[in-house]
Amino acid sequence: MKKRWWKEAVVYQIYPISFKDSNGDGIGDLQGIISKLEYIRDLGVDVVWLCPIYQSPNHDNGYDISDYQAIMDQFGTMADFDLLLETAHALGLKIVMDLVVNHTSDEHPWFIEARSSVDSPKRDYYIWRKGKDGGLPNNWESYFSGSVWEYDEKTDEYYMHLYTKHQPDLNWENEEVVNQINDMVRWWLDKGIDGFRFDAIAHIVKAVGLPDAPDPEHLPYVRAYSLFSNLEKVHKLLRNLNEEVLDQYNIMTVGETSGLGPEQALDYIGDERNELNMVFQFEHMQMDAAAGGTGKWHLKPWTLLDLKNILSKWQTVLHGKGWNANYLCNHDQPRSVSRFGNDGKYRKESAKMLATLLLTLEGTPYIFQGEEIGMTNPKFELIEEYRDVETLNHYHESQKNGVPLEKIMESIWKKSRDNSRTPMQWDSAPHAGFTTGKPWIQVNSNYKEVNVQNDLQDQDSILHYYKKLIALRKHKDALIYGEYKLLLPLNPDLYVYIRTLEDEQVLIILNFFDETPTFTLPEDLKGRKPQLLLSNYEVEEEGIQSFEMRPYEARIYQLKSK
Ligand code: NOJ
């Protein structure tokens, strides 16, 4: 397998608005990030992925960009960014930026010009259509509820937006758009950044003719996923971007590509494809495909057998052919400890167990800010405390459809993107030390217990466990390049696997629940001599032939031939 720096890296994801506020306006900013770079370096990670920091009217927290080459005023200036990049590099950290090119903001000069007249030279930068039979151009449903079409009175046409109406989709069929994007990407790379996370990249090409999606249920809008996702031309465009720009830089790229399995993912990341280094897959997030106004806005319950199945499939299909991007949460997903662990009695144990999984799979691990201290979903009582546009649209849509309030709030507590967007909990000062002002969104009420300062002081904390895991991964090649094999596939409580690189073998044993099941070493490993590398509990016994596991226990063993 080819060795690459980004295969050996650990990534830390920052959601800037919630990371650290330096000037008391209640909004995280670049100077705040700079002040915490040493903290990030001390974790042992190599790469920081910054969610969008570009100029934006903020209808979707920066994913609606009005100037790709300027910094959002609330976050600081380009000089702040340059300092951030320089400081990060001096500390040995690389910086990866979000690249949001499926759409711009409706306040981007391109769109302002495009919507001014049907004859505007920029008109074709976006996707415009006349209405059909007195209605919408087609029946596609937007990600954030309602139709993908917004009517523009002035020119009597509709423009497409897969996300909010403030995020018009760019028309990648237009060569000038492609060239503009190439230039912008080159501009950032010439500044010295180390890579990109390609937002919504699966959707940049739409089916020819924009046909209606089949609608047996006669819904007002239909999730037309396959008509705007992972179409063949996306690959051509990505290869073109590599040939024209990316190939000239030693960077890493990761694409956000929902709706595909590992075989299809290889079309993006196969070693020979020259498209992307990795993709974020969504199968283990088990999102319900039909979000939005259909009332199905919920997360499917998961079982460990499903999770093992999905992750194992990705691990084995990609091995030797492509590279995984592993994550358990991010700014769009609930907190991992609330979702896959236990955010009550066993918060510490389960957060460490999940960390063990994240850091010992094959693929580059992505840690989302606050995950390293076991931050949890906040569960705000009132809808007024929520800020996320997707959550608020869902709330209003459900209310309109007569869904009882408790049911709406229950789904929000589980699935809202604000679950992971509450401010980073630095210490036990007011607002968790995130800001001296009023935070843009409330801090989780558990901040006096769950915060970085507490974790730094406690040698047994989740934070210290992360540091140990990251360090372990760094010096055990088997944990990076080793082949993954699932053991005990039918065990519903334990997730056990082995990573093998030549004669080095590492065994990972995870108890996913608060019960105490017995682990028994599979017959074919009985001849090996185990050496404990790390665990989230004290381990006294020497042998591992058979033992009772404690709630959410995790152990990593090196197996040696006797
Ligand atoms: C995916 C991003 O992660 C999400 O936060 C955003 O709302 C959409 N893409 C649209 O850019």
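What you are looking at is a predicted structure, and each value in this text was computed from that prediction instead of being measured.

### Here we look at helix α7 (residues 232–244)
Okay, so step 1: Compared with the 18 Å implied by 1.5 Å per residue over 13 residues, the 19 Å span of α7 between its first and last C-alpha is a close match.
Okay, so step 2: Looking only at α7, the buried set comprises V234, H235, L237, L238, L241 and N242. On an axial view of α7, the arc spanned by its buried residues comes to 165°, and they lie on one face. Along α7, exposed side chains directed more than 90 degrees from the buried face belong to E232, K236 and E243.

### Some thoughts on the layout of surface pockets
To find leftover empty space, a probe the size of one water molecule is rolled over the atoms.
Okay, so step 1: Considering only enclosed or pocket space, the second largest pocket measures out at about 430 Å³ in volume.
Okay, so step 2: Along its surface, the second largest pocket is lined by 20 residues, and R4, W6, N242, N274 and N277 are the ones closest to its centre.
Okay, so step 3: Partitioning the lining of the second largest pocket into residue classes produces seven nonpolar, seven polar and six charged.

### Here we look at the sheet that holds strand β7 (residues 149–152)
Okay, so step 1: Taken in spatial order, the three strands line up as β6-β8-β7 in an open sheet, and their pairing is antiparallel. Every interior strand has two partners, whereas the edge strands, β6 (128–129) and β7, have only one.
Okay, so step 2: The sheet contact formed by β6 and strand β8 (residues 157–160) spans two bridges and is antiparallel. Residue pairing in the sheet places R129 in a bridge with Y158 of β8.

### Some remarks on the confidence of the model for the protein chain
Okay, so step 1: Here the protein chain shows a mean pLDDT of 95. Residues at 70 or above account for 98%.
Okay, so step 2: No element of the protein chain has a lower mean pLDDT than strand β20 (residues 554–561), at 93, and none a higher one than strand β1 (residues 11–14), at 99.
Okay, so step 3: For the stretch residues 288–295, pLDDT sits under 50, and the model shows 17 contacts to residues farther than four places along the chain or on other chains.

### Re the environment of Y143
Okay, so step 1: Topologically, Y143 is positioned in the loop between β6 and β7.
Okay, so step 2: Exposure remark for Y143: the relative accessible area of 15% places this residue in the buried category.
Okay, so step 3: Considered as a pair, Y143 and R223 are 80 residues apart in the sequence and their alpha carbons are 8.2 Å apart.
Okay, so step 4: In this structure Y143 touches L162, Y163, H203, R223, Y225, F228, S258 and E390, once residues within four positions along its chain are discounted.
Okay, so step 5: Separated by 3.0 Å, the side chains of Y143 and H203 make a polar contact.

### Some details on the packing of aromatic side chains
Okay, so step 1: Evaluated as defined, the whole model comprises 36 aromatic pairs.
Okay, so step 2: The positively charged end of K94 is found above the aromatic ring belonging to W5, 4.7 Å away from the centroid.
Okay, so step 3: Across from the ring centre of W128, 3.5 Å away, lies the NZ or CZ of R123, which sits over that ring.

### Topic: helix α6 (residues 175–191)
Okay, so step 1: Between its first and last C-alpha atoms α6 spans 25 Å; for 17 residues at 1.5 Å apiece the expected length is 24 Å, and the two agree.
Okay, so step 2: Turning to α6, its buried residues number three or more, namely V177, V178, I181, N182, M184, V185, W188 and L189.
Okay, so step 3: Its buried side turned inward, α6 meets β3 (54–55), β4 (67–71), α4 (78–90), β5 (94–99), β9 (195–198) and α7.
Okay, so step 4: By the N-cap criterion, in which a side-chain oxygen at the helix start approaches the backbone nitrogen of a residue two or three places on, α6 is capped by N174, the distance to E176 being 2.8 Å.
Okay, so step 5: G192 sits one or two residues past α6 and shows a positive phi near 110°.

### What to know about the environment of L469
Okay, so step 1: Here L469 lies in helix α15 (residues 462–475).
Okay, so step 2: The exposure class of L469 is buried, given its relative accessible area of 1%.
Okay, so step 3: Expressed as a C-alpha distance, the spacing of L469 and L43, which sit 426 residues apart in the sequence, is 9.8 Å.
Okay, so step 4: Among residues more than four places away in sequence, those in contact with L469 are A355, T356, L359, T360, L534 and I556.

### Observations regarding the state of the cysteines
Okay, so step 1: Enumeration according to the criterion identifies zero disulfides in this entry.
Okay, so step 2: Unpaired in terms of disulfides, C51 finds its nearest cysteine sulfur in C329, a separation of 12 Å.

### As for the packing of helix α12 (residues 389–400) against helix α13 (residues 405–415)
Okay, so step 1: Two elements in contact, α12 and α13, have axes whose closest approach is 10 Å; the angle formed by their N-to-C orientations is 160°. The angle between α12 and α13 places the two elements in the roughly antiparallel class. Seen from above, α12 lies across α13 with right-handed handedness. On the side of α12, the interface is formed by E390, T391, H394, Y395, S398 and Q399, while α13 contributes L405, I408, M409, S411, I412 and K415.
Okay, so step 2: Among the residues forming the contact of α12 with α13, the class breakdown is five nonpolar, five polar and two charged.

### What to know about the site of the ligand
Okay, so step 1: Near the ligand you find D60, Y63, H103, F144, Y163, R197, D199, E256, H331, D332, R417 and R421, and these make up its full shell.
Okay, so step 2: Interatomic distance of 2.7 Å between a side-chain N/O atom of D199 and an oxygen atom of the ligand.
Okay, so step 3: At 2.7 Å from an oxygen atom of the ligand is found a side-chain nitrogen or oxygen belonging to H331.
Okay, so step 4: Here the ligand, which alone exposes 290 Å², has 98% of that area covered by the protein.
Okay, so step 5: Its residues assigned to classes, the shell around the ligand shows three nonpolar, two polar and seven charged.

### Looking at empty space enclosed by the protein
Okay, so step 1: In total, this model carries three cavities of 30 Å³ or more according to the counting rule given.
Okay, so step 2: Considering only enclosed or pocket space, the largest cavity measures out at about 80 Å³ in volume.
Okay, so step 3: Lining the largest cavity are Q281, H284, L311, W314, N324, A325, N326, Y327, L328, L357, L358 and L361.
Okay, so step 4: Secondary-structure elements contributing two or more residues to the lining of the largest cavity are α9 (304–318), β12 (325–326) and α11 (347–360).
Okay, so step 5: Quantified by volume, the second largest cavity comes out at close to 40 Å³.
Okay, so step 6: Residue lining of the second largest cavity: W49, R197, E256, F280, F282, Y327, N330 and D332, and that is the complete set.
Okay, so step 7: Across the lining of the second largest cavity, the residue classes break down as four nonpolar, one polar and three charged.

Rules of the game
- Residues numbered from 1 in each chain as written.
- Predicted model: local features only at pLDDT ≥ 70, side-chain atom pairs only at ≥ 80, totals over all residues.
- Heavy atoms only, no water.
- Helix = DSSP H or I, 4+ residues; strand = E, 2+ residues; numbered from the N terminus.
- Expected span 1.5 Å × (residues − 1).
- Buried < 20%, exposed > 50% of the residue type's maximum accessible area, 1.4 Å probe, protein only.
- Arc of directions from axis to C-beta.
- 1 Å grid on protein atoms, 1.4 Å probe; cavity = no way out; pocket = protein on both sides within 12 Å on 5 of 7 lines; lining within 4 Å.
- Points joined across faces, edges and corners; volume = space filled by probe spheres on them.
- Nonpolar A, V, L, I, M, F, W, Y, C, P; charged D, E, K, R; others polar.
- Pairing = 2+ DSSP bridges.
- pLDDT = per-residue confidence, 0-100.
- Contact = heavy atoms within 4.5 Å.
- Polar contact = N/O pair within 3.5 Å; in protein donor to acceptor, adjacent residues only side chain to side chain.
- Phe/Tyr/Trp six-rings, centres within 6.5 Å; stacked < 30°, edge-to-face > 60°.
- Lys NZ or Arg CZ within 6 Å of the ring centre and 35° of its normal.
- Disulfide = S-S within 2.5 Å.
- Axes fitted to C-alpha atoms, helices over the stretch in contact; angles between N-to-C directions.
- Parallel < 35°, antiparallel > 145°, perpendicular 65-115°, else oblique.
- Left-handed = near helix turned anticlockwise from the far one by under 90°.
- Near = heavy atom within 4 Å.
- Areas by Shrake-Rupley, 256 points an atom, 1.4 Å probe, with all protein chains shown as cover.

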